[in-house]
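Here is what each chain is made of, one letter per residue.
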Amino acid sequence: MARVFAPASALLLAAALSLDGLTGGRAAAASGPEAVLGLLYGLIWWSLLEYLLHRFVLHWTPRAPGLRRVRRLLPGHRSHHRDPQDPDDVVSGRHGFALPLGASLLAGMLALGFPAGFALAALAGGAAGFAAYEFVHFACHQLPMTSRIGRVLRRHHAIHHHRDETANFGVTSPLWDHVFGTVWRPERTRADQSAERPRARGPR
């Protein structure tokens, strides 16, 4: 939840800025510009991860029994689509994936040669992105989003729920829907309806 990941983001950023003291000088702390770049980097990869998880994990409905067992271990999503306005189902409480995912990302960045301070700042950006996702998703369903950006995000997400579940997977940003061609367009719905409509038969 946002109340978990927002403080986690602040703690990670504080660790990035004071890493030399925390490690007794064995690792250099991130400078101010380096921390800002790390935060931005983390926000960008989180926005991509948000899109990929929503599209390929939350909407994954395998048929094989073994894969169904795997799917049950992951956060559910179908009940949210059945009742989008249920406040208890808007934000998932299953966040056990966050620690192994964060540890894997940190290890990957260090293995690629990123400075430890930058890597921690990037994790802070990712945690901030997750907190933003949870807040924006809750707001789309439960709060009056009256700002210009708020209305754009709410409409983008409402289309995913009420018009086409195979479009508009981004919640905090429509960026990756545009990049990967999954942004909703009216002609897409018309084409689907035409394909489903039975063809009229001529006289025999």
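Up top you'll find the structure we're talking about.
Parameters and conventions
- Residues numbered from 1 in each chain as written.
- Predicted model: local features only at pLDDT ≥ 70, side-chain atom pairs only at ≥ 80, totals over all residues.
- Heavy atoms only, no water.
- Helix = DSSP H or I, 4+ residues; strand = E, 2+ residues; numbered from the N terminus.
- Buried < 20%, exposed > 50% of the residue type's maximum accessible area, 1.4 Å probe, protein only.
- Polar contact = N/O pair within 3.5 Å; in protein donor to acceptor, adjacent residues only side chain to side chain.
- Contact = heavy atoms within 4.5 Å.
- Patch = residues over 30% accessible without salt bridge, like charges linked within 9 Å, V, L, I, M, F, W, Y side chains within 5 Å.
- Areas by Shrake-Rupley, 256 points an atom, 1.4 Å probe, with all protein chains shown as cover.
- Salt bridge = Lys/Arg side-chain N within 4 Å of Asp/Glu carboxyl O.
- Lys, Arg positive; Asp, Glu negative; His and termini not counted.
- Charge placed at Lys NZ, Arg CZ, Asp CG, Glu CD.
- Axes fitted to C-alpha atoms, helices over the stretch in contact; angles between N-to-C directions.
- Parallel < 35°, antiparallel > 145°, perpendicular 65-115°, else oblique.
- Left-handed = near helix turned anticlockwise from the far one by under 90°.
- Nonpolar A, V, L, I, M, F, W, Y, C, P; charged D, E, K, R; others polar.
- 1 Å grid on protein atoms, 1.4 Å probe; cavity = no way out; pocket = protein on both sides within 12 Å on 5 of 7 lines; lining within 4 Å.
- Points joined across faces, edges and corners; volume = space filled by probe spheres on them.
- Expected span 1.5 Å × (residues − 1).
- Phe/Tyr/Trp six-rings, centres within 6.5 Å; stacked < 30°, edge-to-face > 60°.

A. A look at the side chain of H141. Note that H141 resides in helix α8 (residues 116-142). On the basis of relative accessibility, which here comes to 6%, the residue H141 falls in the buried class. Of note is the side chain of H141, whose polar atom sits 3.3 Å from the side chain of H80. Those residues in contact with H141 that lie beyond four places of it in its chain are H80, P84, Q85, V90, H157 and H161.

B. Examining a positive patch on the surface more closely. Together, R63, R68, R69 and R72 make up a positively charged patch on the protein surface. Locating R69 in the fold gives a position in helix α4 (residues 65-73).

C. Region of interest: the environment of L153. Position of L153 relative to the elements: it lies in helix α9 (residues 148-162). Residues L153 and P174, spaced 21 residues apart in sequence, show a C-alpha to C-alpha distance of 7.8 Å.

D. Examining the packing of helix α7 (residues 98-111) against α8 more closely. Orientation of α7 relative to α8, taken along the N-to-C sense of each, is 150 degrees, at an axis distance of 10 Å. Here α7 lies roughly antiparallel to α8, going by the angle between them. Every pair of crossing elements has a handedness; the one defined by α7 and α8 is right-handed. Residue-level contacts link G102, L105, L106, M109 and L110 of α7 to A116, A119, L120, A122 and L123 of α8. Across the contact of α7 with α8, the residue classes break down as nine nonpolar, one polar and no charged.

E. Quick look at the layout of surface pockets. Here the second largest pocket defines a volume of roughly 410 Å³. The wall of the second largest pocket is formed by 21 residues, among which F5, L12, A98, G102 and A127 lie closest to the centre. At the level of secondary structure, the elements contributing two or more residues to the lining of the second largest pocket comprise α1 (2-17), α3 (32-58), α7 and α8. With seven residues, the top contributor of residues to the lining of the second largest pocket is α7.

F. Structural context of α8. Between its first and last C-alpha atoms α8 spans 39 Å; for 27 residues at 1.5 Å apiece the expected length is 39 Å, and the two agree. Burial of α8 is extensive: 21 of the 27 residues sit out of reach of the surface.

G. Geometry of the packing of aromatic side chains. Tallying each qualifying case throughout the model produces ten aromatic pairs. With a centroid separation of 5.7 Å and 40 degrees between ring planes, the pair formed by Y41 and F118 is classed as tilted. Of the two residues, Y41 sits in helix α3 while F118 sits in helix α8, which places them 77 residues apart along the sequence. Ring centres of Y51 and F180 lie 5.3 Å apart, and the angle between their planes is 20 degrees; this geometry places the pair in the stacked category.

From the geometry alone we can't say anything about function, so treat these as descriptive.
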